[in-house]
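Residues per chain, in single letters:
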Amino acid sequence: MASEAIKGAKVLMVGAGGIGCELLKTLALSGFRDIHIIDMDTIEVSNLNRQFLFRQSHVGQSKAKVARDAVLKFRPHINIKPYHANVKDPEFNVDFFKQFNVVLNGLDNLDARRHVNRLCLAADVPLVESGTTGFLGQVTVHVKGKTECYECQPKPAPKTYPVCTITSTPSKFVHCIVWAKDLLFAKLFGDKNQDNDLNVRSSDAASSSENVEDVFVRRNDEDIEQYGKKIFDHVFGYNIELALSNEETWKNRNRPKPIYSKDILSDELAQPNGNVDKKCAFDDEFSVSAMASLGMKNPQDIWSLKENSRIFLEALRLFFTHRGKDVGNLTFDKDDQLAVEFVTAAANIRAASFGIPPYSLFEAKGIAGNIVHAVATTNAVIAGLIVIETIKVLQNDIKSYRMTYCLEHPSRKMLLMPVEPFEPNKSCYVCSETPLSLEINTKRAKLKDFVEKIVKAKLGMNLPLIMNSSNLLYEAGDVEDDMVAIYSANLEKVLAELPSPVTGGTMLTVEDMQQEFVCNVNIKHREEFDEEKEPDSMVLSGWTQHVSAPENKDKPAANNGASTSGASVPAAESDEISIVSPTKKRKLTDVPNAPGNEARNHQDELQVIDDEDDLVMLEGNMEGFKKRKLS
């Protein structure tokens, strides 16, 4: 029976990374004959230690295609169809999903997971979800109408740091990393038109508001050494002095110390490129290294202030001299050695100014890249569990479905904790269509704020359509030319001033045609919001609320997201693990003698990553939500 179900099954895998490589291999060896794989990523050097289907020669190639070729070498007679594409592309619609018997997720981010969940619900196709981080992992089964969907329970909200903390009053090294990566690096080497919270006015322009010159723009008559010194003195010297001028800020805080290049590198600045090894050659643009140029080798060394300053100036010089064609289009990449060197040096110099201990390049890279080191064995265990649940789904063996948690330390003498899945959450706005409620200032907020911060960011819609009663306010995607200008104009209008005004009591209908997902949002007008606690100036409720992620008191990691002006800067995500009995769901810390309880007295949250494949989404506390066994 199982053998026939396996042979006749058509399976869709989404993700060909750490879990995906193990899963494809296990599916092939288990007898599956028709497998389709979607993955938009290409292979990177950092993947090779655990994604065993890939080799050095594959770097830069499609993960999905190389994984297919590797498996066909030992299973040549099965059908594996790769798609080097984004699962959110229009071609992967509900009709596409309907052709499969089951969908298996090995994804790396919450947005894509929610998108696949909704497509599976619309297509009525079972979904087996999974995730790992370090030694921890989980597998869950989601079947429409029979078990809870992926969005029935809270998912962790990304930890955010207020912009004022990042730009003015950092107190932790992670604040300095976020500043160096999302503000300074982006300002110097990224899109010049992107909003950025860095002060760009020099001391020369401080007294005049007219014709203000952006200090980050390099003048035609300015050589790279002069430009580097100008940037250094502006961000670590002048901007700190400017911050110190606000006495109120420092009444209960330690005052930072301005740092100028002439005070740290007085001897070297007398000569251009002081102590730089001019003979250092680089094979390609990604091998360019300030450390190599300066003869520094050990990434685990903690650099002095002078060494950080030299790395900063040399990295900036190398970006413009060796990678000039990329400047203006760069985004931070943890696998870009020069970018990591620059961010580490900049963060350490800023940390020195604010009395924060410095970190090594190795440590800083882990924070900047949200790296929790992956364990290949965990991926293999989780892949095996996915296949086990897939076979149960294909046999329609509902009573045998299990959510399984993989633990780092034994609990009740078990490393794997199987739990019966739960029925759908009747208040889930995705699978139960429960109306939502949004508190917002309808006289100040624009339609584009609602679209970006609520519809896309919180509701996870990609091609939204927004209606007020029978009036269409906005539609994304392929629209008629004469409507494009109208929708664009609507986006810039305040909600209360739209052609069909949105005020307190208005019920908006929001739909994503690709996901075949519709929800209603009840608008409640509210005048004021707390800028620190409610940085978006709007509050969405009546849904499965995100779980707040408190700061890790030791070494929190910064998220890879870019900052936006006036908003909070995202940091690492975190999750609580729950151990669940068939009748009651409890936090791990509530279980007597549960593994790691001693450590959890100091750190109650599990840090997770948004790397290329290993984001784990473990269930939060479900107090007040009664669950029953599936019959």
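Note: the structure precedes this text.
Only a predicted model underlies this, so the values are computations on that prediction, with no experimental measurement involved.

**Re the pattern of salt bridges**
Pairing is possible between side chains that carry opposite charge, provided their charged atoms lie close to one another.
Thinking step 1. Scanning the entire structure with this criterion turns up 24 salt bridges.
Thinking step 2. Among the salt bridges present, the one from D69 reaches R68, with a minimum N-O distance of 2.9 Å.
Thinking step 3. For R68, a relative accessible area of 27% translates into the label partly exposed.
Thinking step 4. Of the charged contacts in the structure, one is a salt bridge between E314 and R317, with a shortest N-O distance of 2.7 Å. Taken together, the positions of E314 and R317, both in helix α11 (residues 305-322) and three residues apart, correspond to about one turn of that helix.
Thinking step 5. You can call E314 buried: its relative accessible area is 3%.
Thinking step 6. For R317, a relative accessible area of 15% puts it in the buried group.
Thinking step 7. Connected through salt bridges with shared partners, the residues R219, D221, E222 and K230 form a single ionic network.

**Focus: the pairing of strand β8 (residues 403-411)**
Strand residues, when the strand is regular, have side chains that alternate between the two faces of the sheet.
Thinking step 1. Inspection of the sheet shows strand β6 (residues 136-142) paired to β8 by three bridges, in the antiparallel sense. Each bridged residue has a counterpart across the sheet, and for G137 the counterpart in β8 is C406.
Thinking step 2. As defined by bridge partners, β8 adjoins strand β9 (residues 414-419) across five bridges and the pair is classed as antiparallel. Pairing of M403 across the sheet is with V419, part of β9.
Thinking step 3. Between the antiparallel neighbours β8 and β9 lie two residues, among them R412 with a positive phi of about 55°.

Rules and cut-offs
- Residues numbered from 1 in each chain as written.
- Predicted model: local features only at pLDDT ≥ 70, side-chain atom pairs only at ≥ 80, totals over all residues.
- Heavy atoms only, no water.
- Salt bridge = Lys/Arg side-chain N within 4 Å of Asp/Glu carboxyl O.
- Buried < 20%, exposed > 50% of the residue type's maximum accessible area, 1.4 Å probe, protein only.
- Helix = DSSP H or I, 4+ residues; strand = E, 2+ residues; numbered from the N terminus.
- Pairing = 2+ DSSP bridges.

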